[in-house]
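Letter by letter, the chains look like this.
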Amino acid sequence: MRRAADALLPGRCVLCGDPSGPDPLCQPCLLGLPGLAGLPLGCPRCALPFIPNGESGPGEGPVRCGACQRNPPPWAHVTATLRYDFPANRLVRALKYRGDFAAGAALVQAMLHGPGPELPREATTDAATPWIVPVPLHAWRERRRGFNQAMELALPLARATGWQLVDRLKRVRRTPPQARLDGQQRRRNLQGAFRWQGAPPSGQTIVLVDDVLTTGATLEACTRALPDAGVVCAWVAARAVPRDQSDRRAQRS
């Protein structure tokens, strides 16, 4: 029935309007989304572009950027599929602020097209299935918005990967919006804002899912609310890149 429906009413790309079959994005638009691939390389800990100036030592894993070497984040790895630039930012804002679930499906399509989370070896050899945990909204904000954009990404990602979706991380403190705050202000704003409910995730591999990674304050607060977890990674649709790094990247392209 789905094939017949696609033949009679072919899907249209959410960006250009051309036929896209069963997918929300046609192939040219999918492949044209701004990614973090190429030079400079993306740091495996923060997903910001940088140019490595050396090699990691034995057991140290991939080369990290200087900031992550000096002050490592509490999570193990970040996979950011896209750069938060046009038209990826248009898709994120359409989902987040207008409830455009077709735009959310397009982001999921991109996330599944790119590389998945690079779980450390000890996590991949564990028999336990990784848990996909959406970054939560406060209950008041979710009621007002009508949905949680992270959950709209996490649900289809869990179905596609076969990993278990676990919705036990809660935002227990209502905080002012983060948009106009810098990194330090965001961290202060989110102290104690998240709490795990239910049995602790003892030794469990956690994959936090969110729409955009900006300063990392939200992921840091979420990770610190999971002290009993094993490996904590993040899988985000887009990474906001500071303008100075974007400029250097363009000059080297």
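Residues numbered from 1 in each chain as written. Predicted model: local features only at pLDDT ≥ 70, side-chain atom pairs only at ≥ 80, totals over all residues. Heavy atoms only, no water.

It is worth spelling out helix α4 (residues 88-98) at this point. One turn of an α-helix holds 3.6 residues; hence residues three or four places apart share an orientation. Residues of α4 that are buried: Ala88, Asn89, Leu91, Val92, Ala94 and Leu95. Buried residues belonging to α4 abut β5 (77-83), α5 (101-113), α8 (149-161), β10 (206-213) and β11 (232-239). Downstream of α4 by one or two residues, Gly99 has phi in the positive range, about 65 degrees. (Buried < 20%, exposed > 50% of the residue type's maximum accessible area, 1.4 Å probe, protein only. Helix = DSSP H or I, 4+ residues; strand = E, 2+ residues; numbered from the N terminus. Contact = heavy atoms within 4.5 Å.)

Burial of β11 is extensive: eight of the eight residues sit out of reach of the surface. Across six bridges, β5 lies against β11 in parallel orientation. When the bridges of β11 are listed, Val78 appears paired with Ala234. One crossover worth recording links β10 to the parallel β11 by way of helix α10 (residues 217-224), and it is right-handed. (Pairing = 2+ DSSP bridges. Right-handed = clockwise from strand over helix to strand, strands pointing away.)

This part is about the side chain of Asn148. By the element assignment, Asn148 lies in the loop between α7 (139-145) and α8. A distance of 3.1 Å separates the side chain of Asn148 from the backbone oxygen of Val135, its partner in a polar contact. With sequence-adjacent residues up to four places away left out, Asn148 is seen in contact with Val135, Pro136, Leu137 and Glu142. (Polar contact = N/O pair within 3.5 Å; in protein donor to acceptor, adjacent residues only side chain to side chain.)

The next subject is the sheet that holds β5. The pairing of strands in a sheet comes from backbone hydrogen bonds and takes either a parallel or an antiparallel form. What the five strands build is an open sheet, ordered β5-β11-β10-β6-β7; its pairing is parallel. A strand with exactly one partner marks an edge of an open sheet, and here the two such strands are β5 and β7 (164-165). Lying over the sheet, α5 contacts β5 and β11, oriented at roughly 125 degrees with respect to β11. (Axes fitted to C-alpha atoms, helices over the stretch in contact; angles between N-to-C directions.)

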